[in-house]
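The primary structure of each chain is shown beneath.
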Amino acid sequence: MGLLVDGVWRDEWYDTKSTGGSFERKASSFRHWVTADGGPGPDGQKGFPAATGRYHLYVSLACPWAHRTLIYRKLKRLEDVISISVVDWLMAEEGWVFSEREGTIPDTVNGCRRLHEVYVKADPHYTGRVTVPVLWDKETGTIVSNESAEIIRMLNRGFDAFGDASLDLAPDDLLPEIDALNAQIYETVNNGVYRCGFATTQAAYEKPFHALFETLDGLEERLARSRYLLGERFTEADWRLFTTLIRFDAVYHGHFKCNARRIADYPNLFGYMLDLYQTPGIAETVNFHHIKGHYYQSHKTINPTGIVPLGPDQDLGRPHGRA
Ligand SMILES: N[C@@H](CCC(=O)N[C@@H](CS)C(=O)NCC(=O)O)C(=O)O
């Protein structure tokens with residue numbers, strides 16, 4: 001694990017000294033936008049025109065943020081429109097690398113061996129972390145965006161001329177509610193598990209721990225009343241929650257010490273997670289070999305032996321009882 005400083009790779013773990021033991025996620029750096037006609041993005045960001053065959057996604061099957069983009073590519077039927085590379089699950093001294101191991105797809109676009117080389121191609125003086133997902137423009141040879149929250153909004157509507165335009169995961173009338181839920185779930189759940197797991201003092205761990213389970217308890221109640229977070233159809237908010245839930249019992253509960261309860265202990269949340277998992281196309285985006293291997297073997301400060309626990313033994317195909 002490391003970062004680029006003025007385009008040069010440095011092998012360094014996250015700095016929590018300057019923040020009293022707390023993990024603080026840095027904002028993503030590349031924030032351009034693909035739009036249907038190439039016009040600017042919602043906040044006036046530089047626009048790139050949607051096209052088939054022009055864009056490429058670099059993902060890790062282990063990463064919950066990258067997983068969002070894979071789910072959208074699947075649900076919006078963009079698999080023949082946007083090509084992908086899948087990095088190796090192990091993130092070690094060189095950061096994310098490409099390999100020939102099971103479930104990976106090499107960098108057929110830039111021919112790089114390490115993801116940081118892709119970042120340097122986009123910006124030779126790049127300083128910052130080298131994260132997945134990355135949305136790459138083959139035509140201008142640069143990174144459009146490395147922010148998953150924005151990439152999924154682009155995939156939702158930007159490519160409707162090429163994908164399934166009938167599916168809108170962030171309809172205008174639900175947008176305020178989606179944004180509000182996303183904000184709470186990002187802070188306490190999606191990023192909350194990382195704030196627990198990467199904390200280096202007791203106090204920095206306990207605060208996000210309590211916030212995490214307070215939100216999960218609230219979501220459990222909410223899901224007693226409706227099939228999905230915002231009613232009878234799934235939206236963006238569900239998929240953003242899903243990628244954390246599906247990793248929770250296998251990784252976050254033990255490895256990140258998020259162990260007040262498992263998702264399997266919440267009847268509604270667990271059934272809901274199974275319901276989403278069993279949505280056509282989704283199970284094939286979930287790879288527990290990459291997920292478990294990545295966390296337990298890459299974070300040597302948390303799990304020095306690198307031993308990957310064999311459990312939990314979960315039947316994700318069993319009836320979810322939510323319909
Ligand atoms: N805000 C980013 C976060 C992406 C992110 O942190 N990805 C992790 C993998 S789960 C990563 O690549 N980390 C490498 C690093 O921090 O050096 C997004 O949602 O796209």
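Residues numbered from 1 in each chain as written. Predicted model: local features only at pLDDT ≥ 70, side-chain atom pairs only at ≥ 80, totals over all residues.

1. What about the domain arrangement of the protein?
- Under the domain assignment, the protein is made up of domain 1 (3-158) and domain 2 (172-279).
- Taken over C-alpha atoms, the centre of domain 1 sits 24 Å from the centre of domain 2.
- With 12 residues of domain 1 at the interface, the matching set in domain 2 holds 16 residues.
- With 4 residues, helix H1 (residues 64-75) is the single largest residue contributor to the side of domain 1 that touches domain 2.
- Across the side of domain 1 that touches domain 2, the residue classes break down as 5 nonpolar, 5 polar and 2 charged. (Domains from an automatic or database assignment. Contact = placed C-beta atoms within 7 Å. Helix = DSSP H or I, 4+ residues; strand = E, 2+ residues; numbered from the N terminus. Nonpolar A, V, L, I, M, F, W, Y, C, P; charged D, E, K, R; others polar.)

2. What about the pairing of strand S6 (residues 83-86)?
- Sheet analysis places strand S5 (residues 55-59) next to S6, joined by 4 bridges and oriented parallel. Across the sheet, valine 59 pairs through a bridge with valine 86, a residue of S6.
- Handedness of the β-α-β unit built from S5, H1 and S6 comes out right-handed. (Pairing = 2+ DSSP bridges. Right-handed = clockwise from strand over helix to strand, strands pointing away.)

3. Description of the site of the ligand
- Around the ligand, the surrounding shell holds 13 residues, and the nearest of these are Cys63, Trp65, Arg129, Thr131 and Ser148.
- Partitioning the shell around the ligand into residue classes produces 7 nonpolar, 4 polar and 2 charged. (Near = placed C-beta within 6 Å.)

4. A look at the UniProt feature "domain: GST C-terminal" (unreviewed entry) in the protein
- According to UniProt, the positions carrying the feature "domain: GST C-terminal" (unreviewed entry) are residues 171-302.
- This span, residues 171-302, is 64% helix and 0% strand, and a straight line between its end C-alpha atoms measures 40 Å. (UniProt positions renumbered as here; feature names shortened; annotations may be inferred.)

5. Digging into the sheet that holds S5
- Spatially, 4 strands are ordered S6-S5-S8-S9 in an open sheet, and the strand pairing comes out mixed. With one partner strand each, in any of the chains shown, S6 and strand S9 (142-145) form the two edges of the open sheet. Along the sheet, successive strands turn relative to each other by an average axial angle of 35 degrees, direction set aside.
- Note: S5 against strand S8 (residues 134-137), 4 bridges, orientation antiparallel. (Axes fitted to C-alpha atoms, helices over the stretch in contact; angles between N-to-C directions.)

6. Notes on the nonpolar core
- Counting residues in each nonpolar core, the largest one holds 81 residues, and the members touching the most others are Tyr58, Leu269 and Met273.
- Summarising the domain contributions, this core has at least three residues from each of domain 1 (3-158) and domain 2 (172-279).
- Not counting residues within four places of it along the chain, the set of residues in contact with leucine 269 comprises Leu216, Leu219, Glu220, Leu223, Leu245 and Ile263. (Core = buried A, V, L, I, M, F, W, Y, C linked by C-beta atoms within 7 Å. Buried ≥ 20, exposed ≤ 12 C-beta atoms within 10 Å, placed from the backbone.)

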